[in-house]
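Chain and residue survey
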Amino acid sequence: MIIIFLGPPGAGKGTQCKVLVDRYRLRHLSSGDCLRRERENDTDLGRRAQSFMDSGRLVPDELIVSMMIKEMENVNGKAGLVLDGFPRTLGQARELDKALRQVGKKIDAVLNLQVDDKELEQRITGRRSCPACGAAYHITFNRPQKEGLCDSDGAALVQRSDDTRGVVRQRIKTYHQQTAPLIAYYKQKNILHQLDGNTEIEKVTAQMCRLVDQLAVD
Ligand code: AMP
């Protein structure tokens, strides 16, 4: 099964993807995480992506598509996959379709996690994560037991450098200009499912699981 998670930055895609991975044993591929790893490893791709990421703009399609297709090839052929943050432009979506066609695969479902703009900024600027285990927190909605420290390993929580207010506004603008058109693209293919993300994490999870349970039955 291949599932794509669409939605603006801060909608909660990462959080919900974790549930999908645990519950349905899918592999999670996040283009943002892949890029951050490239940057940590100081690769040529990481260096080329840096200025785009730091300013909240999209990394050019040709860099992203080749990186993600390579990542997908490394996933065990039988494992189901959830794609998070990719594709993010119509060009990327078309390239993904082409690559999947070549290996006889298809996208089973696109989950569009919709959240109002006014909510996004508050959600993103309050996000914190554990640099050691990747656990995600929020200073208001999902606080750690001890302020600033990870519940699992006690590491000091950090804020992503592009989660600051100025960059967040640009990321939301980029989403509307370049990513939102994918909603119509997948709707036309009859594989789009809407999730209302303007509610508590648990309620979004419940909507999502009902939907994926249904997909698994069909
Ligand atoms: P994310 O962690 O998904 O919010 O992504 C962080 C940043 O990585 C984005 O603001 C973009 O600069 C870059 N990025 C992630 N995925 C893509 C993509 N599919 N296409 C272009 N740029 C991307």
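The paragraphs below set out a description of the structure included in this document. Just so we're clear, the structure is a prediction, and the values are computed from it rather than from any experiment. (Residues numbered from 1 in each chain as written. Predicted model: local features only at pLDDT ≥ 70, side-chain atom pairs only at ≥ 80, totals over all residues. Heavy atoms only, no water.)

**A word on the packing of helix H4 (residues 61–73) against helix H5 (residues 90–102)**
Between H4 and H5, whose axes approach to 10 Å, the crossing angle comes to 35 degrees. Considering how the two elements wind past one another, H4 and H5 form a crossing that is right-handed. Residue-level inspection shows Asp 61, Ile 64, Val 65, Ile 69 and Met 72 of H4 in contact with H5, the latter providing Gly 91, Gln 92, Glu 95, Leu 96, Ala 99 and Leu 100. Partitioned by chemical class, the residues of the contact of H4 with H5 number 7 nonpolar, 2 polar and 2 charged. (Axes fitted to C-alpha atoms, helices over the stretch in contact; angles between N-to-C directions. Helix = DSSP H or I, 4+ residues; strand = E, 2+ residues; numbered from the N terminus. Left-handed = near helix turned anticlockwise from the far one by under 90°. Contact = heavy atoms within 4.5 Å. Nonpolar A, V, L, I, M, F, W, Y, C, P; charged D, E, K, R; others polar.)

**Examining the pattern of salt bridges**
A pair can form between side chains of opposite charge whenever their charged atoms are brought close. Summed over all chains, the structure comprises 17 salt bridges. The residue Arg 127 makes a salt bridge to Asp 163 at a minimum N-O spacing of 3.1 Å. Of this pair, Arg 127 sits in strand S5 (residues 127–129) while Asp 163 is found in the loop between strand S6 (136–138) and helix H7 (165–179), placing the two residues 36 residues apart along the sequence. The structure contains a network of salt bridges with shared partners spanning Arg 127, Arg 160, Asp 162, Asp 163 and Arg 171. (Salt bridge = Lys/Arg side-chain N within 4 Å of Asp/Glu carboxyl O.)

**Thoughts on the packing of aromatic side chains**
One pass over the full model with this rule turns up 1 aromatic pair. Between Tyr 185 and Tyr 186, the ring centres sit 5.1 Å apart and the planes meet at 80 degrees, which makes this aromatic pair edge-to-face. You can call Tyr 185 buried: its relative accessible area is 14%. (Phe/Tyr/Trp six-rings, centres within 6.5 Å; stacked < 30°, edge-to-face > 60°. Buried < 20%, exposed > 50% of the residue type's maximum accessible area, 1.4 Å probe, protein only.)

**Here we look at the environment of Asp 97**
Looking at the element boundaries, Asp 97 is found in helix H5. You can call Asp 97 buried: its relative accessible area is 14%. Leaving out residues up to four positions away in the same chain, Asp 97 has contacts with Ile 107, Tyr 185 and Lys 189.

**Let's talk about the environment of Gly 166**
Following the sequence through the fold, Gly 166 ends up in helix H7. Look at Gly 166 and you get exposed, because its relative accessible area is 56%. Taking the C-alpha atoms as reference, Gly 166 lies 8.7 Å from Ser 55; in sequence the two are 111 residues apart.

**Topic: the site of the ligand**
Around the ligand lies a shell of 17 residues, among which Ser 31, Arg 36, Arg 57, Gly 85 and Gln 92 are the nearest. For the ligand, an oxygen atom lies 2.6 Å from a polar atom in the backbone of Arg 57. One of the side-chain nitrogen or oxygen atoms of Arg 160 is found 3.2 Å away from an oxygen atom of the ligand. In the complex, 96% of the free accessible area of the ligand, which totals 480 Å², lies under the protein chains. It is helix H2 (residues 31–40) that provides the largest number of residues to the shell around the ligand, a total of 4 residues. Considering only residue class, the shell around the ligand consists of 7 nonpolar, 4 polar and 6 charged. (Near = heavy atom within 4 Å. Polar contact = N/O pair within 3.5 Å; in protein donor to acceptor, adjacent residues only side chain to side chain. Areas by Shrake-Rupley, 256 points an atom, 1.4 Å probe, with all protein chains shown as cover.)

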